[in-house]
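In case you want the letters, here they are:
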Amino acid sequence: MYACTNRKRWNRNVDCKRKYVKKAAPTTKIFKKRVDSKLCSSIRGRIGEVVSAGKLKTPAIIRSHGGRARAIEAEEVHIDIAFLAAASSDEWGNAKGTGGKNNFGSIGFGIGDSRYVDNTVIITDIVVDCVCLVDEIASKEARFTDIPRELMMIENAAKIIATTPYFKDGFSFQTGAGSPSLAVNRFIEEYMLERNIKMSFALGGVTNAICKLLDKELVKSIIDVQDFDLGAIEHFTNNPKHFEVSSSEYTNPANKSAYVNKLDFVVLFALEIDTNFNVNVITGSDGVLRGALGGHPDTAAGSKCCIIVTPLTRGRMTTVCENVVTITTPGDCVDILVTDYGTAVNPLRQDLIEWLDKAGIKHVSIEELKNKVYSLVGTPADLKWEDKVVATVEARDGTILNVVRKIIDKKINLLYYICMHIHIFFKGGLWKK
């Protein structure tokens, strides 16, 4: 059986919020029993740990927003039942993300599921003879950063955007869900006013920051597949220039009119990025599945200029490395990396290098950034894996981009490192000293 949930606040609460662990427990218990469950798209929190430990009989399939929409419409994925959150619904199952006491805006990710699924369960907190009633559907604000180093990176990213010829009247734009990339909206407004230009459309994943630009008549329309904060939800409810689209219209690579293919700029985050500009957004430094692809590879591939904004280190973890743990967005789709220690441009984009040089914007090679971070926190040790594949990462077109293998038990890993150091001790003759 294949079941899915739409990616609204209800799904996020069940999957990963600590205070909802009790609600998520039955799901993880099912997986632990090694039933023939099939997971697709988002894997995080306790479910990510269970999958990484190899508890599923068959490997999970990790797809982007666009890859998932393509697979459903191509009938590569058959959904038996879909649980879709809704702010309100009538007795016939006509549902939407507004009209209730806890609106969440666009229900774009649920549209495709409801069209192709065998059975749909609407989850809502408004009683209109609905299928499933819950106490409350949570909705929280998107966090905008106030960290100085992140603001510095964001300001530099905005400056780079304004340097390119793509930044002209009628350009299009999207930011990812990470707080650094979201805040770019604050800085591009100044450049738009300075040059007296307007954005043709903003795409996404929408926040209140981009809605304010539309209210100021700096954006002509917003194309919305999901909303990240209460301001965006209210704007979607009341503004006729704020349009809802399905995930297929948004990112499906088999859809010739997908909006991502009309993007000029996208600003995204990364857990890791390697010297070939490959990006990882799903596995942590310990190899455990901790996130979702989202629209990351879709928007990176469709846009004219993809900018990754991320700090060089997170604690003692390196962000720029020799090889990422899992490739989720191929390096040929990534154009620029902006960090707190400098900017690197993909050598494949000589045009961008020329534009930055002409504007006097300094940049270095990504190898220099890697060497810098290794000098700061040391070279990370390679992870040890078993042969068993626990998940496959699909490219947008359905081909296999990468696989995630079962991580070796921590106790075995510890034993390995102890033996390795004993070997070095005796081989190096240190015991004689």
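What counts, and at which threshold
Residues numbered from 1 in each chain as written. Predicted model: local features only at pLDDT ≥ 70, side-chain atom pairs only at ≥ 80, totals over all residues. Heavy atoms only, no water. Core = buried A, V, L, I, M, F, W, Y, C linked by side-chain atoms within 4.5 Å. Buried < 20%, exposed > 50% of the residue type's maximum accessible area, 1.4 Å probe, protein only. Helix = DSSP H or I, 4+ residues; strand = E, 2+ residues; numbered from the N terminus. Contact = heavy atoms within 4.5 Å. Polar contact = N/O pair within 3.5 Å; in protein donor to acceptor, adjacent residues only side chain to side chain. pLDDT = per-residue confidence, 0-100. Axes fitted to C-alpha atoms, helices over the stretch in contact; angles between N-to-C directions. Left-handed = near helix turned anticlockwise from the far one by under 90°. Pairing = 2+ DSSP bridges. Salt bridge = Lys/Arg side-chain N within 4 Å of Asp/Glu carboxyl O.

(A) Spotlight on the nonpolar core. Counting residues in hydrophobic clusters, the biggest one holds 46 residues, and the most contacted among them are V51, I62, I273, L289, I308 and L337. The element best represented in this core is helix α14 (residues 366–377), accounting for five residues. Non-local contacts of L289, meaning those with residues more than four positions away in its chain, are made with I43, R44, G48, E49, V51, S52, I62, I282, T283, A391 and V404. In this structure, A162, V184, Y191 and I222 belong to the second largest nonpolar core, which totals 40 residues.

(B) Up close: the environment of M199. Here M199 lies in strand β9 (residues 199–206). Exposure remark for M199: the relative accessible area of 0% places this residue in the buried category. Each C-alpha atom, one on M199 and one on K168, is 8.2 Å from the other, the two residues being 31 residues apart in sequence. Each residue touching M199, except ones within four places of it in the same chain, is listed here: F171, S172, F173, I188, M192, I210, L213, L218, V219 and K220.

(C) Molecular detail of the side chain of T275. You can see T275 is positioned in the loop between β13 (272–274) and β14 (279–280). For T275, the side chain forms a polar contact with the main-chain oxygen of E322, separated by 3.5 Å.

(D) Quick look at the confidence of the model for the protein chain. On average, the protein chain scores 82 in pLDDT, and the residues at 70 or more come to 79%. Summarising per-element confidence for the protein chain, the mean pLDDT is lowest in helix α1 (residues 9–16) (32) and highest in strand β20 (residues 342–345) (98).

(E) The packing of helix α6 (residues 148–163) against helix α8 (residues 184–195), seen in detail. In contact at an axis separation of 8 Å, α6 and α8 are set at 35° when each is read in the N-to-C sense. When you trace α6 past α8, the crossing you get is right-handed. Across from L151, I154, E155, A158, K159, I161 and A162 in α6, the residues of α8 making contact are V184, R186, F187, I188, Y191 and R195.

(F) Representation of the pairing of strand β15 (residues 305–309). The buried count for β15 comes to five of five residues, which makes it a mostly enclosed element. Taking every second residue as pointing to the same face, both faces of β15 are buried, with C305, I307 and V309 on one and C306 and I308 on the other. The sheet contact formed by strand β12 (residues 265–268) and β15 spans four bridges and is parallel. Within β15, the residue paired with F265 across the bridge is C305. Pairing of β15 with strand β19 (residues 336–339) involves three bridges; the strand directions are parallel. Of the residues in β19, the one forming a bridge with I308 is L337.

(G) Geometry of the pattern of salt bridges. As enumerated under the stated definition, the model contains 14 salt bridges in all. E394 is the partner of R63 in a salt bridge, and the nearest nitrogen-oxygen pair spans 2.9 Å. Here R63, found in the loop between β2 (60–62) and α4 (65–73), pairs with E394, found in strand β21 (residues 385–394); they are 331 residues apart in sequence, far enough to count as distant. Classification of E394 by relative accessible area gives buried; the value is 11%. Among the ionic pairs, R70 bridges to E394, the shortest N-O distance being 3.6 Å. In this pair, R70 is assigned in helix α4 and E394 in strand β21, connecting sequence segments 324 residues apart. Residue class for R70 comes out buried when judged on its relative accessible area of 8%. Bridged by salt links that share partners, the residues R63, R70, E76 and E394 form one connected network.

(H) Structural context of the side chain of S106. On the secondary structure map, S106 appears in the loop between β5 (95–96) and α5 (108–116). Look at S106 and you get buried, because its relative accessible area is 0%. Among the polar contacts made by the side chain of S106, one reaches the main-chain carbonyl oxygen of D224 at a distance of 3.0 Å.

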